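# Close look at the chain arrangement
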Amino acid sequence: MTALRLREVTAGYGKRPAVRDVTATVDGGGWFAIVGPNGAGKSTLLKAIAGLVGFQGSIAVHDREFSALSRRQRARELGYAPQDPLLPTGLTVTDYVLLGRTPHLGTLARESRADLSIVDDTLGRLDLRGLAARRLGTLSGGELQRAVLARVLAQRTRLLLLDEPTTGLDIGHAQALLDRLDRLRREDGTTVVTTLHDLTFAAQYADTLLLLDDGEVVASGPPGEVLTAERLRRHYAADVEILTTATGHPVVAPVRGQSAADPR
Ligand SMILES: Nc1ncnc2c1ncn2[C@@H]1O[C@H](COP(=O)(O)OP(=O)(O)OP(=O)(O)O)[C@@H](O)[C@H]1O
């Protein structure tokens, strides 16, 4: 099944769209990473898919035209975690994660035992049970990041849109978080769409990369095809070598002192 279909999506804020004519298909259960240099339009594209930025073109989620759905229906179809969410610092981790159940609550808006059980299960999956009673304002950056992911996972949607989910995480925590997402994908068939700055991580986890530059798609396909030294020089002004892990995944290795942006 197709989880997400974008047809000629153009989106932005003012007269000049930040994203232009993006066409892409994401298979159910896949991992699709949107990559590109700063300001390329990655976050804008995710926001358009999440219904937070106006767009032209067509966005279909699980074969339903997204603009035809109500806010509540959208929140049941996809979970979105922004890069810098506004966090209610006084809320406990449990109460914050419970917010993820809002689209599923009945008319009386009271959480059921099933909702609480989902929250507890999600806290367990993200090793957050020990922090359940802590207020968000007292957490470290990495702990907060996990709490944000927990809120989205508690929404229990088949499609996740995550904007830079590893920002501020050390390499071990970043890997653990991406591994958890990967397990979710394999066990529950969840579809994952992320923006990721770390191209080596993107190549490890995603099956498809979409490379944006200046709002336009400049390459898409399997990581091994998209990530070439030539492309990274052209679109990131970066001097890199592409190495390969024992498992055959590309590794993007910067080469010292040879930045293409350096006037020399
Ligand atoms: N709210 C806004 N109003 C006006 N312009 C915006 C707004 N948000 C982003 N932009 C502009 O849209 C363009 C794309 O920004 P976007 O945040 O989508 O890029 P990005 O690829 O996610 O960048 P980064 O890697 O730096 O996070 C940029 O030129 C940015 O300045």
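Okay, so let's go over this structure. What you see is a predicted model; the values in this text were computed from it and never measured. (Residues numbered from 1 in each chain as written. Predicted model: local features only at pLDDT ≥ 70, side-chain atom pairs only at ≥ 80, totals over all residues. Heavy atoms only, no water.)

### Considerations on the pattern of salt bridges
Going by this rule: Salt-bridge detection follows one rule: a side-chain nitrogen of Lys or Arg within 4 Å of a carboxyl oxygen of Asp or Glu. Numbering of helices and strands starts at the N terminus; helices are DSSP runs of H or I of at least 4 residues and strands are runs of E of at least 2. Burial here depends on accessible area, computed with a 1.4 Å probe over protein chains only, as a share of the maximum for the residue type. Under 20% is buried, over 50% is exposed, and the range in between is partly exposed.
Following the criterion strictly, the structure yields 15 salt bridges and no others. Across the pair R186 and D182 runs a salt bridge, and its minimum N-O distance is 3.6 Å. Of this pair, R186 and D182 both sit in helix α6 (residues 171–188), four residues apart, roughly one helical turn. Under the relative-accessibility criterion, D182 is labelled buried at 14%. Each of R16, R20, D214 and E216 takes part in a single network of salt bridges with overlapping partners.

### Here's the deal with the packing of helix α5 (residues 141–154) against α6
Stated formally: Geometry is summarised by axes, namely lines fitted to C-alpha atoms with helices restricted to the contacting stretch, and by angles between N-to-C directions that run from 0 to 180 degrees. Angle categories: roughly parallel below 35 degrees, roughly antiparallel above 145, roughly perpendicular from 65 to 115, and oblique for all the rest. Any two residues whose heavy atoms approach within 4.5 Å at even a single point are treated as in contact. Gly is put with the polar residues, along with every residue not named as nonpolar or charged; the nonpolar set is Ala, Val, Leu, Ile, Met, Phe, Trp, Tyr, Cys and Pro, and the charged set is Asp, Glu, Lys and Arg.
The interhelical angle for the contact between α5 and α6, taken along N-to-C directions, is 10°, at an axis separation of 12 Å. The angle between the axes of α5 and α6 places the two elements in the roughly parallel class. When α5 is examined against α6, the residues R146, L149 and L153 are found in contact with a partner set consisting of H173, L177, R180, L181 and L184. Looking at the contact of α5 with α6, its residues break down into five nonpolar, one polar and two charged.

### Overview of the sheet that holds strand β10 (residues 216–221)
Strands belonging to one sheet form pairs held by backbone hydrogen bonds; the direction of such a pair is parallel or antiparallel. We count it as follows: Here, a strand pair is defined by DSSP locating no fewer than two bridges between the strands.
The strand order across the open sheet built from six strands is β6-β7-β8-β3-β9-β10, with neighbouring strands paired in mixed fashion. Looking at strand neighbours, the two that pair on one side only are β6 (78–81) and β10, the edges of this open sheet. Neighbour to neighbour, the strand axes of the sheet diverge by 15° on average, direction disregarded. Examined bridge by bridge, strand β9 (residues 208–213) and β10 share five bridges and lie antiparallel to one another. Paired with L211 across the strands is A219, a residue of β10. Strands in contact with α5 are β6 and β7 (159–163); relative to β6, the strand with the most contacts, it is inclined by about 165°. Sitting on the sheet, α6 is in contact with β3 (31–35), β7 and β8 (191–195), with an inclination near 140° to β3.

### Quick notes on the nonpolar core
Inclusion rule: The definition of a nonpolar core used throughout is a set of buried Ala, Val, Leu, Ile, Met, Phe, Trp, Tyr and Cys residues joined through side-chain atoms within 4.5 Å.
Formed by 48 residues in total, the largest nonpolar core has its most connected members in L162 and L181. For this core, the elements supplying multiple residues, two or more each, are β3, α3 (93–98), α4 (113–125), α5, β7, α6, α7 (199–205) and β9. Top element by residues in this core is α5. It accounts for eight residues. The contacts of L181, once residues within four sequence positions are left out, are W31, L149, L160, L162 and V192. Core analysis: the next-biggest nonpolar cluster, separate from the first, contains 28 residues, L4, A40, L45 and V53 among them.

### Re the site of the ligand
Convention followed: Nearness is judged by heavy atoms alone; a residue qualifies as near a molecule or strand once a single heavy atom is within 4 Å of it. As used in this structure description, the phrase polar contact means that two N or O atoms lie within 3.5 Å; if the pair is within protein, one of them must be able to donate a hydrogen and the other to accept it, and residues adjacent in sequence are counted only when both atoms belong to side chains. Under the convention used here, a 1.4 Å probe and the Shrake-Rupley method define accessible areas, while residue burial counts only the protein chains that appear.
Y13, A18, P37, N38, G39, A40, G41, K42, S43, T44, Q83 and H197 make up every residue found near the ligand. Between the ligand and Y13 there is a distance of 3.5 Å, counted from a nitrogen atom to a side-chain nitrogen or oxygen. In this structure, an oxygen atom belonging to the ligand sits 2.9 Å away from a side-chain N or O atom of S43. The protein chains hide 56% of the 640 Å² of surface that the ligand would expose on its own. Its residues assigned to classes, the shell around the ligand comprises four nonpolar, seven polar and one charged.

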